[in-house]
Amino acid sequence: MAYDDVLALVERRLTGAFGEPDARASVTFVGTDRIEVARFTSGTAQEPLLRYATLGMSAQPMTDPAQALADPLRGPRAELLLTVRAGVADTGKVLRPLAVLAASPQVEGVVVAPGTSLEVGEPLWPGAPFRAVLVAEPGGLVDDVALPEPREPVRFLPLLPMTPNEAAWKRVHGAAALRERWLAAGTDLRDPLRRGVDLGA
C-alpha cells in the first residue's frame, strides 16, 4: 500500500471529522517521507478551536529501534492531533514543530505511543510556555483508519502541551500522575497561554 494511498485514507477520515482544512504546510526531512500538517477550524462560535493534524507519519509502521530488522508492514501507525483555543495566541507557527515530531519515528527510531513525552527543543509557537507534549490515548475525536492486513490501523494520538516543569515532573512521576494533577486542578489543556499546574507536595 503506497504512501499516497495511506495519506488519502487518513485525510478522508480527518475531513470527515473536522471539515476541510483552512491551512496546511508540507515539510520534507532528509531520508524521510513528506510530512504534511493541516489546520482545521472547529468548535462553536462561543468556543472556537483550532485542530492541527499531521499527515504522513502513518505511511510507515513505527519500529522498535532494538529490533534488528524493521518489518515493512507490521507495527503501530499513527498521526498526531493538537487542539488549542482559537484567537488566543499565534499558534500558526506550530506547523513545523508538529512535522518534526511526526518525522521522529523515521529520523530517530522513536515509537510514539500514549504516555510518551516528546521534546520539541523550542517553544511550540512564538511565546508559547510549552516545549514538550504528552501523547494521550486515541479515540473520541477521530476514529481509527483500518488498513489491509497485516497492517495495523492508523490511530490519531492527541498531544497535550507541557511546560518544562510539567515535563520534568512527568519524567519522575509518570504520565498518569501528571494527568491526575491536571484533572484535580481543572486545567484547560486547550488554553495556549495556560500556566503550569501546581506540582507541590
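Right, let's walk through the structure included here. (Residues numbered from 1 in each chain as written. Predicted model: local features only at pLDDT ≥ 70, side-chain atom pairs only at ≥ 80, totals over all residues. Heavy atoms only, no water.)

1. Observations concerning the pattern of salt bridges
The condition is simple: The term salt bridge refers to a side-chain nitrogen of Lys or Arg lying within 4 Å of a carboxyl oxygen of Asp or Glu. Only runs of H or I of at least four residues qualify as helices and only runs of E of at least two qualify as strands under DSSP, and these elements are numbered from the N terminus. Burial classification: accessible surface area is computed with a 1.4 Å probe over protein chains only, and a residue below 20% of its type maximum counts as buried, one above 50% as exposed, and the rest as partly exposed.
Tallied over the full model, the rule gives 9 salt bridges. Close ionic contact of Glu-11 with Arg-24 constitutes a salt bridge, the shortest N to O distance being 2.9 Å. Residue Glu-11 is found in helix α1 (residues 3-18), and its partner Arg-24 is found in strand β1 (residues 23-27); the two are separated by 13 residues along the sequence. For Glu-11, a relative accessible area of 24% translates into the label partly exposed. Judged by relative accessible area, Arg-24 falls into the partly exposed class, the value being 38%. Between Arg-85 and Glu-47 there is a salt bridge; the shortest N-O distance is 2.4 Å.

2. Notes on the packing of aromatic side chains
Convention followed: Stacked, edge-to-face and tilted are the three classes for Phe, Tyr and Trp ring pairs, Trp counted by its six-membered ring, which pair at centre distances within 6.5 Å; planes under 30 degrees apart are stacked, over 60 edge-to-face, the rest tilted.
Using the criterion set out here, one finds 2 aromatic pairs in the structure. Judged by centre distance (5.5 Å) and plane angle (50°), the rings of Phe-18 and Phe-40 are tilted. Of this pair, Phe-18 sits in helix α1 while Phe-40 sits in strand β2 (residues 35-43); the two residues are 22 residues apart in sequence, bridging distant segments of the chain. Here Phe-18 and Phe-40 have matching classes, each one buried. Centre to centre, the rings of Trp-125 and Phe-130 are 6.0 Å apart; their planes meet at 65°, and the pair counts as edge-to-face. Summarising the burial analysis for this pair, Trp-125 and Phe-130 share the class buried.

3. Structural notes on unusual backbone geometry
The omega angle of the peptide bond from Glu-149 to Pro-150 is 10°, so this bond is cis rather than trans. Within the fold, Pro-150 resides in the loop between β6 (132-135) and β7 (154-162).

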